[in-house]
Amino acid sequence: MRNRLLCAFFLLMGGVGGLNDRVAMAQPSAAQVMRDVRGNGKGILSIKLVGRGSRVWSEGYSQYVWDQSVVVVRQAGIKEYPNAKLEVGGIASYSIVGGRFPYKRFYVTYNSYTGIPAPSPKVVVDLANADLPQVLAGSYNSIVGNIQPLTVASVPKWDWHTPNSVSVRVTTSYSKKISNTQLQKTRALITVRLYRDAIKKPWKSLISTGNDETPLGTSTHDADELRAMKTLAVVDAERRAKAQLAALPAVSVPAFKTDLELFAHLHKTFRENNPKKAEAVLRRTLAPSLYVEGSDVLLNQQGEDLVQRVIKGVYGAKITYAEQFPEDLNVENYGRSELSYWNADGRHRSRMRAVAAGGTWQDGVKVGQEFKIADLEVYPVEDADEIARLRSMSPEKRFAPPNGTTKFSQLGGQVAAQQVAQEQRETIQAIIWTPFTSANARLTVSFPGTGTPKETQGTMNDKYPMWTLESGNDKVLGRAVSIIYPVSLNRLQAQTTVQSTIDQLAAANHAQIKLRSEVTDGTYGQIATLEGDGKLMKVRVFAIRDVVYQLILSAAPETMTNLSERDFFNSFQPVR
């Protein structure tokens, strides 16, 4: 009896397993899927099942479903093209409930039309050439030179998405930068999608939906050479910039030899109240740093922002530039080619900054440079009540210079003085400091000038050997003196000797001691500044063992200001 029960149990288990297998294998039949997808059958020409279907997890329904891929071909229903067909790809989806598969819905995955006339190759190519940035996508910014003419690919793969949108492949080839030193020859197979508003309307736009690039070889170039090669993006942008510039009024912009000439020209232009003319002048006077590298017409973003900001500041205000600024500007500060000037309200300041640009090198000197605008900011008066107050005043009162200002017309004299100072600085900077070592004087030091310093032997107080070395020119004189004592000086002896030496130097040169302080050189030392007889003397006196050294640098005060004292004093070294 027990054995029969066991057998019955195993048979039952086997039967359940067999039922589960049958449920797992069961699925909607092909005929059932076709009936469900067909619906009322209106316009359907054919239905085809793709694959055997599969059991998949549905995130949306949080359950397993049965999906069957299906392709339906039906009449397109386009009256202009009655023979057109529409291929619809999709998924017939079924719920799984026990052993049943209730039909859920048909999910469309794609549409594709046939029987609609494709746009001509000329239409495709013309649209593509009209929007190369879109067609070439990321490569547009790295392509150099011209691209090969775009053509529809030999295998175009027309793909209709709607009656008014179709994709097709076009092809071209070009060279593109792939590193700082390499160009790559590339063939491109680009898929573009065209759009129109209606079937009988012309094709009007397109987008790029994919670019399959094939490398054809690389070439290596010097980094500077490759950097100078303009990309297609820059060339096209330059073309647009030239057209934009040509659309502005014709203006005559001279070569500005000084920053003040440039400032005066811009100020006069702004007062004329012609924004288009002002923009034309601005775009022709900006510094090279405000242009895209290698271009003299295409502004970079910083340059474009400056133009728009200035035009808005000058002409976008409720009060004109001429009402805010007098013909002869009230200058707050001028220097280093930067000018700041007051608005009539005395609360706002505007400024201009210029740089010397261009030119060529001749015998080590830059010549032929012109001044260009590096930065420009115009801050208009914006308060309506303040504007009303200014307009109520006479020009003489409105433009009366605030305290501490200078009239623009007076800056010429200052510039002349600055030029003289600059020339002097250049003369001083051109001095050659020549190192010289004297075994007799027990020192080495660099003297101004290229000749050998004059070396003179003498005595101090008719008892201590003294050596004097001198060298210089009409601008500056360098002198080094060594007094050699029979014994090493202790600190007290050194201090007394150093102090008296500086006092004697002042007396001998009819000079006053303006500055005096101790230094840590040797046993004891001091530095001092002496003034007198139109000269300025920088003195350093110190004792090292048995030698008292005097280092004296003498020049006119204005020359000493531009002189590098370190070239003389820091070059000193004692020699034993």
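Residues numbered from 1 in each chain as written. Predicted model: local features only at pLDDT ≥ 70, side-chain atom pairs only at ≥ 80, totals over all residues. Heavy atoms only, no water.

(A) A look at the overall build of the chain. The number of helices and strands found in the chain is 16 helices and 27 strands. The C-alpha atoms of the chain give a radius of gyration of 45 Å, which is well past the 25 Å a tight globule of 576 residues would have. Seen through its C-alpha atoms, the chain measures out along the principal axes to roughly 145 × 90 × 55 Å. Burial statistics for the chain: of 576 residues in total, 40% are counted as buried. Excluding contacts between residues fewer than 6 apart, the proportion of contacts in the chain whose partners are at least 24 apart in sequence is 54%. Per element, the accessible surface of the chain, about 31800 Å² overall, is 51% carbon and sulfur. Averaging the locations of the 69 positively and 55 negatively charged side chains of the chain gives two centres separated by 14 Å. (Helix = DSSP H or I, 4+ residues; strand = E, 2+ residues; numbered from the N terminus. Rg over C-alpha atoms; globule rule 2.2 N^0.38 Å. Buried < 20%, exposed > 50% of the residue type's maximum accessible area, 1.4 Å probe, protein only. Contact = heavy atoms within 4.5 Å. Areas by Shrake-Rupley, 256 points an atom, 1.4 Å probe, with all protein chains shown as cover. Lys, Arg positive; Asp, Glu negative; His and termini not counted. Charge placed at Lys NZ, Arg CZ, Asp CG, Glu CD.)

(B) Region of interest: the sheet that holds strand S21 (residues 464-472). The seven strands lie next to each other as S20-S21-S22-S26-S25-S24-S23, forming an open sheet whose pairing is antiparallel. At either margin of the open sheet sits one strand with a lone partner, and together these are strand S20 (454-460) and strand S23 (512-519). Between one strand axis and the next, the sheet turns by 15° as a mean value, whatever way the strands run. Here nine bridges tie strand S22 (residues 476-484) to strand S26 (residues 547-555), and the two strands are oriented antiparallel to one another. When the bridges of S26 are listed, Ile-483 appears paired with Val-548. Set on the sheet, helix H14 (residues 491-508) makes contact with S20, S23, strand S24 (524-532), strand S25 (535-544) and S26; between it and S24 the angle comes to about 10°. (Pairing = 2+ DSSP bridges. Axes fitted to C-alpha atoms, helices over the stretch in contact; angles between N-to-C directions.)

(C) Local environment of the sheet that holds strand S18 (residues 433-438). Taking strand neighbours across the sheet as the criterion, the three strands line up as S18-S19-S27 in an open arrangement whose pairing is antiparallel. Taken across any chain shown, the strands that pair with only one partner, and hence form the sheet edges, are S18 and strand S27 (573-574).

(D) Structural detail: the side chain of Asn-300. One can find Asn-300 in the loop between helix H8 (275-285) and helix H9 (301-315). For Asn-300, the side chain forms a polar contact with the main-chain nitrogen of Gly-303, separated by 2.8 Å. (Polar contact = N/O pair within 3.5 Å; in protein donor to acceptor, adjacent residues only side chain to side chain.)

(E) Spotlight on the confidence of the model for the chain. Here the chain shows a mean pLDDT of 89. Residues at 70 or above account for 93%. This model gives residues 1-25 a pLDDT under 50, and the stretch forms two contacts once residues within four places in sequence are excluded. (pLDDT = per-residue confidence, 0-100.)

(F) Region of interest: the environment of Leu-248. With respect to the helices, strands and loops of the structure, Leu-248 is situated in the loop between helix H6 (232-246) and helix H7 (259-271). Here Leu-248 falls in the buried class, since its relative accessible area comes to 10%. If sequence neighbours within four positions are ignored, Leu-248 has contacts with Lys-276, Glu-279, Ala-280 and Arg-283.

(G) Molecular detail of the packing of aromatic side chains. One pass over the full model with this rule turns up 14 aromatic pairs. Both rings, one in Trp-66 and one in Phe-101, keep their centres 6.1 Å apart while their planes meet at 80°; by these two values the pair is edge-to-face. Here Phe-101 lies in the loop between strand S3 (85-95) and strand S4 (103-114) and Trp-66 lies in strand S2 (residues 63-75), a separation of 35 residues in the sequence. For Trp-66, a relative accessible area of 9% translates into the label buried. The class for Phe-101 is buried, based on a relative accessible area of 17%. A ring pair is formed by Tyr-94 and Tyr-103, whose centres lie 5.2 Å apart and whose planes are at 55°; its orientation type is tilted. By relative accessible area, Tyr-94 is classed as buried at 1%. Residue Tyr-103 is classed as partly exposed on the basis of its relative accessible area, which comes to 31%. An aromatic cluster is built from Phe-270, Tyr-321, Phe-325 and Tyr-341, whose rings are joined through pairwise contacts. The ring of Tyr-64 carries Arg-55 above its face, with NZ or CZ at 3.8 Å from the centroid. (Phe/Tyr/Trp six-rings, centres within 6.5 Å; stacked < 30°, edge-to-face > 60°. Lys NZ or Arg CZ within 6 Å of the ring centre and 35° of its normal.)

(H) Inspection of the packing of H8 against H9 at higher detail. Viewed as axis vectors pointing N to C, H8 and H9 meet at an angle of 150°, and their least axial separation amounts to 10 Å. As H8 runs across H9, the sense of the crossing is right-handed. Contacts between H8 and H9 involve Pro-275, Ala-278, Glu-279, Leu-282 and Arg-283 from the first element and Glu-304, Val-307, Gln-308, Val-310, Ile-311 and Tyr-315 from the second. (Left-handed = near helix turned anticlockwise from the far one by under 90°.)

(I) Region of the structure containing the side chain of Gln-324. Considering the arrangement of structural elements, one finds Gln-324 in helix H10 (residues 321-324). The residues contacting Gln-324, other than those within four sequence positions of it, are Ile-319, Asn-343, Ala-344, Tyr-379, Pro-380, Val-381 and Phe-399.

(J) Just H14, in detail. Its 18 residues place the ends of H14 25 Å apart at the C-alpha level, agreeing with the 26 Å of an ideal helix rising 1.5 Å per residue. Taken residue by residue, H14 has Ala-494, Thr-497, Val-498, Thr-501, Ile-502, Leu-505 and Ala-506 as its buried positions. Within H14, the buried residues cover an arc of 165° as seen down the axis, which keeps them to one side. For H14, the exposed residues set more than 90 degrees away from the buried face come down to Leu-492 and Ala-507. Considering only its buried residues, H14 is in contact with S23, S24, S25 and S26. The residue sitting at the N-terminus of H14 and contributing the capping side-chain oxygen is Asn-490; that oxygen lies 3.2 Å from the backbone nitrogen of Leu-492. Once H14 finishes, His-510 follows within two positions and takes phi at roughly 50°, a positive value. (Expected span 1.5 Å × (residues − 1). Arc of directions from axis to C-beta.)

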